[in-house]
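Report on the structure
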Amino acid sequence: MHAEGPDERREEHLEVTDRTRHRRLREKGSTLRSDLDDVLRAGFVCHLAVVVDGTPLAVPTVYGVDFDARVLYLHGSVASRSLVQSPGAQVCVTVTHVDGLVLARSVFEHGVNYRCAMVLGTPRRVTDREELLHGLRVLTEQCAPGQWEYARSPSRKELAATSLLALPLDEASVKTSAGPPDDGEGPDAASGVWAGVLPYRPVFGAPEPDPLLPAGTPVPAHIAALARGR
């Protein structure tokens, strides 16, 4: 009897719903949960789309993911008040990474290489103190690994003033686009126009100390590592 090797193990797939089914450019879509995790792990800024007082808003905010619990934590801000007033409100959280410009021989074939994820569901406001601390730690560590242990923890008063939402990763859609232009074998191939991909890589710059920081205060190792492009 053949034993399943590590490369043959079945990957976990996201459940496809009517809202997450890929209807356009299906070849760019993925249902692998690992692809969703990769997109979410690579960033820390998302857009929370929600209806507030009858007006649709897409609120940019920071997020962090507890991959074991399959929960996405994010700052709620204005949106959280609307969600508290309207229990069961649906939201859409999107995360997008731009990897490059696809510059073709014709403008029509231009495009963008990207990775993106869309998570839908009904978030809940985190009120339990222990989960609030846990969620804030997850969020902080996703932005700057090592910062939670380095800086002062939130006080009770600060926790009371903090809005944190928890959204389960139960319903999500993932798409990626990569590769060169599609017109390399078309009529425009003989035009002599340069075509290819212009990669885009966001990086941290050198740390800039607070002007009020005492002279000689060293940059902590975890911040220096981010600046080096860890």
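Attention here is on the structure that accompanies the text. Being a predicted model, the structure only gives us computed values, none of them experimental.

The rules behind these values
- Residues numbered from 1 in each chain as written.
- Predicted model: local features only at pLDDT ≥ 70, side-chain atom pairs only at ≥ 80, totals over all residues.
- Heavy atoms only, no water.
- 1 Å grid on protein atoms, 1.4 Å probe; cavity = no way out; pocket = protein on both sides within 12 Å on 5 of 7 lines; lining within 4 Å.
- Points joined across faces, edges and corners; volume = space filled by probe spheres on them.
- Nonpolar A, V, L, I, M, F, W, Y, C, P; charged D, E, K, R; others polar.
- Core = buried A, V, L, I, M, F, W, Y, C linked by side-chain atoms within 4.5 Å.
- Buried < 20%, exposed > 50% of the residue type's maximum accessible area, 1.4 Å probe, protein only.
- Helix = DSSP H or I, 4+ residues; strand = E, 2+ residues; numbered from the N terminus.
- Contact = heavy atoms within 4.5 Å.
- Arc of directions from axis to C-beta.

**Comments concerning empty space enclosed by the protein**
- Taken as a whole and assessed by the stated rule, the structure comprises 1 cavity of 30 Å³ or more.
- Among the residues forming the lining of the largest cavity, the class breakdown is 3 nonpolar, 5 polar and 1 charged.

**Quick notes on the nonpolar core**
- The biggest cluster of nonpolar side chains holds 25 residues, and the ones touching the most others in it are L36, L40, Y63, L72, L74 and V93.
- With 4 residues, the top contributor of residues to this core is strand β2 (residues 45-52).
- For L36, the residues in contact, after removing those within four places along its chain, are L14, R70, A117, V119, A172 and V174.

**What to know about helix α1 (residues 33-41)**
- Along α1, the residues that are buried comprise R33, L36, D37, V39 and L40. Taken end-on, α1 shows its buried residues confined to a sector of 165°, consistent with a single buried face.

**Some remarks on the side chain of S106**
- Structurally, S106 can be placed in the loop between β5 (91-103) and β6 (111-121).
- Not counting residues within four places of it along the chain, the set of residues in contact with S106 comprises D183 and D188.

**A short note on the layout of surface pockets**
- Considered as a void within the structure, the largest pocket measures approximately 860 Å³ in volume.
- Along the walls of the largest pocket sit 29 residues, with A42, G43, F44, P202 and F204 positioned nearest its centre.
- Listing elements by their share of the lining of the largest pocket, those giving two or more residues are β2, β5 and α3 (129-143).
- Broken down by element, the lining of the largest pocket gets its largest block of residues, 6 residues, from β5.
- Split into classes, the residues belonging to the lining of the largest pocket amount to 16 nonpolar, 7 polar and 6 charged.
- Space inside the second largest pocket adds up to approximately 300 Å³.

The analysis is restricted to geometry; functional conclusions fall outside its scope.
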